[in-house]
Amino acid sequence: IEPDENGFLTTDDRARLDVEHIFAVGDVTGEPMLAHKAMKEGEVAAEVCAGEPSALDYQTIPAAVFTDPEVGTVGMTVAEAETAGFNPLVGTFPMRASGRALTRAEPEGFVRVVADSDSEFILGAQIVGPEASELIGEFGLAIEMSARLEDVVSTIHTHPTLGEAVMESAANARQEAIHTLNR
């Protein structure tokens, strides 16, 4: 077993090394070095060892920065979507327009969703604001299940909550936002 030029072990989508019966998970496999990525790699490796049809999908690995305000990301940025050949459709929602963010005295930040303009499939999202690390999971699920903007917009969100900002960003991308100006 030889590491690559950066000192990491290269695995396939089943967490296997070049030697099919040897698996590697976690920081030894390289970026992103996140505990939840390592945990998923371990689950996939165990499932493959048990003969189950399992594979890794790195497009929905969320990342969070536990600062004030928090930052959460998942999937593609606008630039990454453009590089991948998509024509990105972007929706944003400022936290200062969220009643819940205002009652928490945390109006800094925004929610941004990136979708494909032709299909409206959600490609990624970035959140800066209160509970961003919690909110980003909704977009991770949307990407995983190939949801469209309309799916998020038509899902009833509890009022008043921070989660409404997720819905409002998707509505903004569709020119349907009611709590902020449409672009």
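Overview of the structure. For clarity, every value in this text was computed on a predicted model and none was experimentally measured. (Residues numbered from 1 in each chain as written. Predicted model: local features only at pLDDT ≥ 70, side-chain atom pairs only at ≥ 80, totals over all residues. Heavy atoms only, no water.)

## Let's talk about the overall build of the chain
Secondary structure assignment for the chain yields six helices and five strands. Its C-alpha atoms give the chain principal-axis dimensions of about 55 × 35 × 30 Å. With 183 residues in all, the chain has 37% of them scored as buried. Counting contacts in the chain only where the partners sit at least 6 residues apart, residues at least 24 apart contribute 50% of the total. (Helix = DSSP H or I, 4+ residues; strand = E, 2+ residues; numbered from the N terminus. Buried < 20%, exposed > 50% of the residue type's maximum accessible area, 1.4 Å probe, protein only. Contact = heavy atoms within 4.5 Å.)

## Focus: the nonpolar core
Side chains of nonpolar character tend, in soluble globular proteins, to be buried together. Counting 25 residues, the largest nonpolar core has Met-95, Ile-122, Ile-127, Phe-139 and Leu-149 as the members making the most contacts within it. Where this core is concerned, the elements lending two or more residues are β3 (88–94), β4 (110–116), β5 (122–129), α4 (132–144), α5 (149–153) and α6 (164–173). A per-element tally of this core places α4 first, with six residues. Once you skip the residues sitting within four places of it in the chain, Ile-127 turns out to touch Glu-70, Val-71, Gly-72, Met-95, Phe-110, Val-111, Ala-132, Leu-135, Ile-136 and Phe-139. With five residues, the next largest nonpolar core counts Ala-15, Val-44, Val-48 and Leu-56 among its residues. (Core = buried A, V, L, I, M, F, W, Y, C linked by side-chain atoms within 4.5 Å.)

## Considerations on the pattern of salt bridges
As enumerated under the stated definition, the model contains eight salt bridges in all. Arg-174 is the partner of Glu-176 in a salt bridge, and the nearest nitrogen-oxygen pair spans 3.3 Å. By relative accessible area, which is 38% here, Glu-176 ends up partly exposed. One network of salt bridges, with partners in common, ties together Arg-104, Glu-106 and Glu-131. (Salt bridge = Lys/Arg side-chain N within 4 Å of Asp/Glu carboxyl O.)

## Focus on the environment of Val-113
Structurally, the position occupied by Val-113 is in strand β4. Sequence separation between Val-113 and Val-90 is 23 residues, and the spatial gap between their C-alpha atoms is 5.7 Å. Each residue touching Val-113, except ones within four places of it in the same chain, is listed here: Leu-89, Val-90, Gly-91, Ile-122, Gly-124, Ala-125, Phe-139, Leu-149, Ser-169, Ala-170 and Ala-173.

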